[in-house]
Amino acid sequence: MRAADALMESLKHEGVDHIFGIPGGANLPTYDALVDADLRHVQVMHEQAGGHAAEGYAHASGKVGVAFGTSGPGATNLVTAIADAMMDSVPTVFITGQVRTELIGTDGFQEADIVGVTLPIVKHSLLCTEADHIPQYIHEAFHIASTGRPGPVLVDVPTDLSKEEIEYSPPTGPVELPGYRPNLEGNSKQIRIAAKAVANARRPIVYSGGGVVNANASEELREFVTCDNFPITSTLMGLGAFPADHPQWLGMLGMHGTRTANYGMDEADLIIAIGARFDDRITGKLSEFAPNAKFIHIDIDPAEISKNVPAHIPIVGDAKRVLPKLTREYRSLQTDTARLEGWWSRIKAWQDEYPLTYEPGTEGEIKPQFMVEMMHKVTGGDAIITSDVGQHQMWAAQYYGFNKPRRWINSGGLGTMGFGLPSAIGAKVACPDEEVVCLAGDGSLIMNIQELATAVNQDVPVKIFLQNNGYMGMVRQWQELFWDERYSGVENGPSPDWVKLAEAFGAKGLRCDDSADLEEMMEATIAHDGPALLDVRTSPRENCYPMIPAGNAARDMVG
Amino acid sequence: MGAADMVRLEDLHVSRTLSGRKHVLSILVENRPGVLARVSGLFSRRGFNIDTLAVGPTEDPAISRITLTLDGAVHPIDQVTKQLHKLINVLKIRDMEPDDSVAREMALFKVSAAVENRAEIVQFAEIFRAKIVDVSRRALIVEVTGSHDKIEAFESMLRPHGLLEMVRTGEVALARGGD
Ligand SMILES: Cc1cc2nc3c(=O)[nH]c(=O)nc-3n(C[C@H](O)[C@H](O)[C@H](O)COP(=O)(O)OP(=O)(O)OC[C@H]3O[C@@H](n4cnc5c(N)ncnc54)[C@H](O)[C@@H]3O)c2cc1C
Ligand SMILES: Cc1ncc(C[n+]2csc(CCOP(=O)(O)OP(=O)(O)O)c2C)c(N)n1
Ligand SMILES: [Mg+2]
């Protein structure tokens, strides 16, 4: 069989049915093989967007997202998406064409050492040197991308190898890699100690993260949190793993988290971190982070444990397997729920004193927070929401109220503007029966607006709710608050005309500048049978609060 | 309250992260293209400074050994090894305990050696069990093998005589005993 056809067979064996990409000289054999392969290729407009679409696909479905690019510029265009997938631990496989083997190292036409370029931003990469290796490499790539702590794997395939004839037989057993054996179970003794520590805590708090979503462990998390009256907060990446309408939910923590969640961390005596990596958006000033707490840290990646904050009780394992054991151990102890009453009255006092609120707008003004609340209403709180990066992203996190996992898709670690639209396309391809809405920022959306053409051409009916404040809002906010209002590079200007732009792409374009019309316009956007963009003119200079200024402690929250 | 009392929060402590001493890490890696770049790239990306680095084959042609030394007063060795383990091609890492391992380094020193001070250099070489491996009109090349400290000591003896050039391999090490 031709190696390129074997590549397709290998992909199918891995359960792939969608690929996002763009062809070129060096991956012509791959695209030739696609013709006869029973796989849907979503032809995107830019490889970066293809990569983000693969990420959106992976976030929404839990499956591995796949993107193709040709050598040289095709491959380098993928770099941002690869870095994004690395930072947010998204299971993805990137398959790039490479120049002919004999040209490698000669600065051949469209040669880029993509393996070298991406070394620091991949979970692993494989450069094929023999055609026979291609199927095995693909299986290894999927295994590595999807197990343990997930992440991007790059497979670089020189074009001459793709054309060779090889023997192909589907792999029979699981992939065995001597240097890669994720530890899943968690040490039972440590889990027992953890349960006992929890039983003795008077001010415990659960801090859960994206790892719980990745582990598909929402149920297990809920079991644990509700096996006693534990308060729970989560990172931006973990939203939805625990329902936001639950009484034990404190809201997101961190820079733009709720005061209750951050004060809770600040005063806790025991923090139970589950699949969260103590990012600086959470810890702020490290030396003053959770000064009264001991830490239980459950993570599948041993290197995350004690990386930023030393753990008193480390547990390396898969949240899905560790949490039930922890719940069981805890239940077997004689515990006294009443010990948490004092803690809850403290928490309730914060909740009463510092609810998430915003000043109502003037007549007709569309407050960005209101816009998000309206999105919740119009979608029944049940859509898959993707986001760009900026204030709108934070407002979505604060106000949408995610009740289920894999409904909130955003770029947290890298903070990639332009992530929203392509990831929405990927999510919609993965979940065609779900409503998929991209909450876009005006600065961000333009960075990958070309993908509106993908949505139209490939018939992927995503909806874009553009939160148009006319600014690089998040940066403007920082300049206002921390740079003496010396505004620089943050005004977005009158161009483009978003409605005409949408129409030019063949999508529906709508505009809303009156809060009274918003619900109706949003409904019309959703109801439209095809991709649609609603340009919502929101308060231009609204700031996103509350906020812990960078490098400060939780107690220094402002707003 | 029974069993739960056995774990009191105030009794929980974290272990120290900086050892304060030099570490020799012996890393077995798959012998594949780019492995060294992955290892060294990891060090630079994470801000870990390598003091010395030596790479070579092992008894198994599919496996190479990277021996490197770094300062445990600056870097948390635990974090370094955990990061290294994340590289798929890294098979095994051993933090060589000084008492349980043998570590050696080799160095070549080229010293300017006029006729009148040759004798003295040869004498140093004997004391350090070094070998003169090249003799020319103006210079000698001396080869010495030994512990890191021995080589440092030898270098400081030679320096006043006009050290023209030197090259050191970086330490290599093996664990003592049969395992
Ligand atoms: C403008 C902006 C503002 C931001 N503000 C905030 C903010 O206010 N609050 C906030 O929280 N974030 C904020 N972020 C996001 C922040 O930068 C980080 O991306 C985020 O906090 C990291 O989330 P996480 O700790 O859940 O880790 P993730 O990046 O989601 O990592 C997941 C962790 O879980 C582990 N894991 C993976 N799989 C498993 C498994 N099966 N079992 C167990 N463990 C597993 C991984 O090893 C990793 O440690 C902001 C980002 C932007 C762009
Ligand atoms: C690719 C990229 N470039 C620059 C930044 C820095 N940045 C962070 S938020 C932001 C402004 C985003 O503006 P917009 O999309 O309009 O969102 P808003 O904050 O106004 O809601 C910028 C420029 C980034 N995160 N990503
Ligand atoms: Mg904006």
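Cut-off values and rules
- All chains use their own residue numbering, which begins from 1 and follows the written sequence.
- Each chain takes a letter, starting from A, and each ligand takes a number, starting from 1, following the order in which they are written.
- Reporting of local features is limited, given that this is a predicted model, to residues whose pLDDT is at least 70; pairs of side-chain atoms are given and counted only at 80 or more, and all residues count toward the totals for whole chains, interfaces and linings.
- As a rule here, side-chain values cover all heavy atoms of the structure and leave hydrogens and water aside.
- We define proximity as follows: a residue is near a molecule or strand when any one of its heavy atoms falls within 4 Å of that partner.
- Whenever two N or O atoms come within 3.5 Å, that pair is a polar contact, provided that in protein one can donate a hydrogen and the other can accept it, and provided that, for residues adjacent in sequence, both atoms are side-chain atoms.
- Each accessible area is a Shrake-Rupley estimate made with a 1.4 Å probe; only the visible protein chains count as cover when residues are assessed.
- Helix and strand labels come from DSSP, where a helix needs a run of H or I of at least four residues and a strand needs a run of E of at least two; each type is numbered from the N terminus.
- Amino acids outside the nonpolar list (Ala, Val, Leu, Ile, Met, Phe, Trp, Tyr, Cys, Pro) and the charged list (Asp, Glu, Lys, Arg) are all regarded as polar, and Gly is one of them.
- Two rings belonging to Phe, Tyr or Trp (six-membered ring only in the last case) form a pair when the distance between their centres is within 6.5 Å. Interplanar angles under 30 degrees mark stacking, angles over 60 mark edge-to-face geometry, and anything in between is tilted.
- Only protein chains enter the accessibility calculation, which uses a 1.4 Å probe; a residue is then buried when its area is under 20% of its type maximum, exposed when over 50%, and partly exposed in between.
- Over a ring means this: the NZ of a Lys or the CZ of an Arg is within 6 Å of the ring centre and within 35 degrees of the ring normal.
- A pair of strands is labelled paired if DSSP reports no fewer than 2 bridges between them.
- An axis is simply a line fitted to the C-alpha atoms; with a helix, the fit covers only the stretch in contact. Between two such axes, the angle follows the N-to-C directions and lies from 0 to 180 degrees.
- When checking whether two residues touch, look at their non-hydrogen atoms; a contact exists if any pair is within 4.5 Å.
- Only protein atoms enter the 1 Å grid used here, on which a cavity is any set of points holding a 1.4 Å probe that cannot leave and a pocket is any open set flanked by protein within 12 Å on both sides along at least five of seven lines; residues with an atom within 4 Å of a point are listed as lining.
- Grid points are joined across faces, edges and corners, and a volume is the space filled by probe spheres set on the points.
- Here the term donor refers to an N, O or S atom within 2.8 Å of the metal (or 3.2 Å for Na, K and Ca), and because water is left out of the atoms, sites may appear incomplete.
- Two parts placed together each lose some accessible area; with a 1.4 Å probe, that loss summed over both constitutes the buried area.
- The working definition used for a salt bridge is a side-chain nitrogen of Lys or Arg within 4 Å of a carboxyl oxygen of Asp or Glu.
- A patch is a set of surface residues, each over 30% in relative accessible area and not in a salt bridge, joined within 9 Å for like charges and within 5 Å for the nonpolar side chains Val, Leu, Ile, Met, Phe, Trp and Tyr.
- Working definition: roughly parallel below 35 degrees, roughly antiparallel above 145 degrees, roughly perpendicular at 65 to 115 degrees, and oblique for all remaining angles.
- Each crossing is labelled by how the near helix is turned from the far one, with a counterclockwise turn of less than a right angle marking it left-handed and a clockwise turn marking it right-handed.
- What fixes the domain bounds is an automatic or database domain assignment.

Caption draft 1: How the structure looks around the site of ligand 2. Residue and element names in this part refer to chain A. The local shell around ligand 2 holds 17 residues, among which H392, D442, G443, S444 and G473 are the closest. Here a nitrogen atom of ligand 2 sits 2.8 Å away from a polar atom, N or O, in the main chain of G415. In the environment of ligand 2, an oxygen atom lies 2.7 Å from a nitrogen or oxygen atom belonging to the side chain of D442. Compared with its free state, where it exposes 590 Å², ligand 2 has 75% of that area covered by protein. Elements with a contribution of two residues or more to the shell around ligand 2: α17 (391-399), α19 (442-445) and α21 (473-482). Looking at the shell around ligand 2 residue by residue, the class counts come to seven nonpolar, nine polar and one charged.

Caption draft 2: Main features of the packing of aromatic side chains. Residues and elements named next belong to chain A. Across all of its chains, the model carries 18 aromatic pairs over all chains by this definition. Ring geometry for Y400 versus F402: centroids 4.7 Å apart, planes at 35 degrees, classification tilted. An identical accessibility class is assigned to Y400 and F402; each is buried. Through a chain of ring-to-ring contacts, the aromatic side chains of Y207, F278, F289 and F295 assemble into a single cluster. Taking NZ or CZ as reference, R259 lies 4.9 Å from the ring centre of Y354, over its face. Across from the ring centre of Y471, 5.5 Å away, lies the NZ or CZ of R476, which sits over that ring.

Caption draft 3: Here's a closer look at the sheet that holds strand β12 (residues 313-316) of chain A. All names here are of chain A. With respect to topology, six strands assemble into an open sheet ordered β9-β8-β7-β10-β11-β12, the strand pairing being parallel. With one partner strand each, in any of the chains shown, β9 (249-252) and β12 form the two edges of the open sheet. The average angle at which neighbouring strand axes cross in this sheet is 15 degrees, direction not considered. The pairing of strand β10 (residues 270-274) with strand β11 (residues 294-299) spans five bridges and is parallel. When the bridges of β11 are listed, I274 appears paired with I298. Helix α11 (residues 218-226) rests against β7 (204-208), β8 (232-234) and β10 of the sheet, and its axis sits at about 170 degrees to β7.

Caption draft 4: Structural context of the sheet that holds strand β14 (residues 408-409) of chain A. All names here are of chain A. If you walk across this open sheet you meet the six strands as β14-β13-β15-β16-β18-β17, and the pairing is parallel. In this open sheet, the two strands that pair with only one neighbour each are β14 and β17 (508-512). Alignment of strand β16 (residues 463-468) against strand β18 (residues 532-537), held across six bridges, turns out to be parallel. Residue pairing across strands places I464 opposite L533, the latter belonging to β18. Each of β13 (384-387), β14, β15 (436-441) and β16 is contacted by helix α18 (residues 420-430), which is oriented at about 175 degrees to β15, the strand it contacts most.

Caption draft 5: Just empty space enclosed by the protein, in detail. According to the stated counting rule, one finds one cavity of 30 Å³ or more in the structure shown. Roughly 30 Å³ of internal volume is contained in the largest cavity. Around the largest cavity, the lining residues are H124, L126, E140, I144 and L177 of chain A together with E30, R32, I88 and N89 of chain B. At the level of elements, β5 (124-127) and α7 (133-146) of chain A are the ones that each hand at least two residues to the lining of the largest cavity. In terms of residue class, the lining of the largest cavity is made up of four nonpolar, two polar and three charged.

Caption draft 6: Highlighting the coordination of the magnesium ion (ligand 3). All names here are of chain A. Bound to the magnesium ion (ligand 3) on the protein side are D442 (OD), N469 (OD1) and Y471 (O), at distances that span 2.0 to 2.1 Å. Mapping the donors of the magnesium ion (ligand 3) onto the primary sequence gives the spacing D-x26-N-x1-Y. You can see D442 sitting in helix α19 and its partner N469 sitting in the loop between β16 and α21, a full 27 residues away along the chain. The class of N469 is buried, set by a relative accessible area of 11%.

Caption draft 7: Seen up close, the layout of surface pockets. Space inside the second largest pocket adds up to approximately 1,000 Å³. Looking at the second largest pocket, it is lined by 43 residues, and the ones nearest its centre are K123 and D301 of chain A together with Q83, K86 and L87 of chain B. Listing elements by their share of the lining of the second largest pocket, those giving two or more residues are α5 (79-87) of chain A together with α1 (35-46), α2 (77-85) and β4 (90-96) of chain B. Looking at the lining of the second largest pocket, the element that brings in the most residues is α1 of chain B, giving seven residues. When grouped by side-chain class, the residues that make up the lining of the second largest pocket number 21 nonpolar, ten polar and twelve charged.

Caption draft 8: Examining the interface of chain A and chain B more closely. Contacts between the two partners involve 35 residues from chain A, matched on the other side by 28 residues from chain B. Carbon and sulfur atoms supply 60% of the area that chain A and chain B bury against each other, a total of about 2,500 Å² over both sides. At the surface where chain A touches chain B, the tally comes to one salt bridge. Two residues, K86 of chain B and D301 of chain A, come together in a salt bridge whose shortest N-O distance is 2.6 Å. Across the chain A-chain B interface, the total number found is nine residue pairs in polar contact (both at pLDDT 80 or more).

Caption draft 9: Representation of a nonpolar patch on the surface. Residues and elements named next belong to chain B. On the surface, M106, L108, V133 and V167 cluster together to form a nonpolar patch covering roughly 290 Å² of accessible area. Following the sequence through the fold, M106 ends up in strand β5 (residues 101-112). For M106, a relative accessible area of 31% corresponds to the partly exposed category.

Caption draft 10: Inspection of the site of ligand 1 at higher detail. Residues and elements named next belong to chain A. With respect to spatial proximity, 36 residues lie near ligand 1, and among them G210, N214, T235, R277 and D299 are the closest. At 2.7 Å from an oxygen atom of ligand 1 is found a side-chain nitrogen or oxygen belonging to R277. In this structure, an oxygen atom belonging to ligand 1 sits 3.1 Å away from a main-chain N or O atom of G413. About the coverage of ligand 1: the protein hides 96% of its 1,000 Å² of free accessible area.

Caption draft 11: Geometry of the packing of helix α3 (residues 47-61) of chain A against α18 of chain A. All names here are of chain A. Where α3 meets α18, the axes come as close as 6 Å, and the angle between the chain directions of the two elements is 45 degrees. What the angle tells us is that α3 and α18 run oblique. Seen from above, α3 lies across α18 with right-handed handedness. Two secondary-structure elements touch here, α3 through A49, H52, A53, G56, Y57, A60 and S61 and α18 through P422, S423, G426, A427, V429 and A430.

Caption draft 12: Quick peek at the domain arrangement of chain A. All names here are of chain A. According to the domain assignment, chain A consists of domain 1 (3-162), domain 2 (188-353) and domain 3 (368-537). On a C-alpha basis, the centroid separation for the pair domain 1 and domain 3 is 28 Å. Residue-level contacts link 26 residues of domain 1 with 26 residues of domain 3. Across the domain 1/domain 3 interface, buried area totals approximately 2,000 Å², and carbon plus sulfur atoms make up 63% of it.

Caption draft 13: Representation of the side chain of N468 of chain A in the model. Residue and element names in this part refer to chain A. Considering the arrangement of structural elements, one finds N468 in strand β16. With a relative accessible area of 9%, N468 lands in the buried category. In this view, N468 contacts D442, W498, D535, V536, R537 and T538; residues no more than four positions away in its chain are not counted.

Caption draft 14: Molecular detail of the pattern of salt bridges. Under the criterion given, the structure shown has 42 salt bridges over all chains. The salt bridge involving E102 of chain A is made with R100 of chain A; its shortest N-O contact spans 2.9 Å. On the basis of relative accessibility, which here comes to 59%, the residue E102 of chain A falls in the exposed class. Of the residues examined, R100 of chain A reaches a relative accessible area of 37% and is grouped as partly exposed. The shortest N-O distance in the salt bridge between E155 of chain B and R168 of chain B comes to 3.3 Å. Here the residue E155 of chain B occupies a position in helix α4 (residues 148-158), and R168 of chain B occupies one in strand β8 (residues 163-168), the gap between them amounting to 13 residues. Because the salt bridges share partners, they merge into one network encompassing R149, D301, E304 and K307 of chain A together with K86 of chain B.

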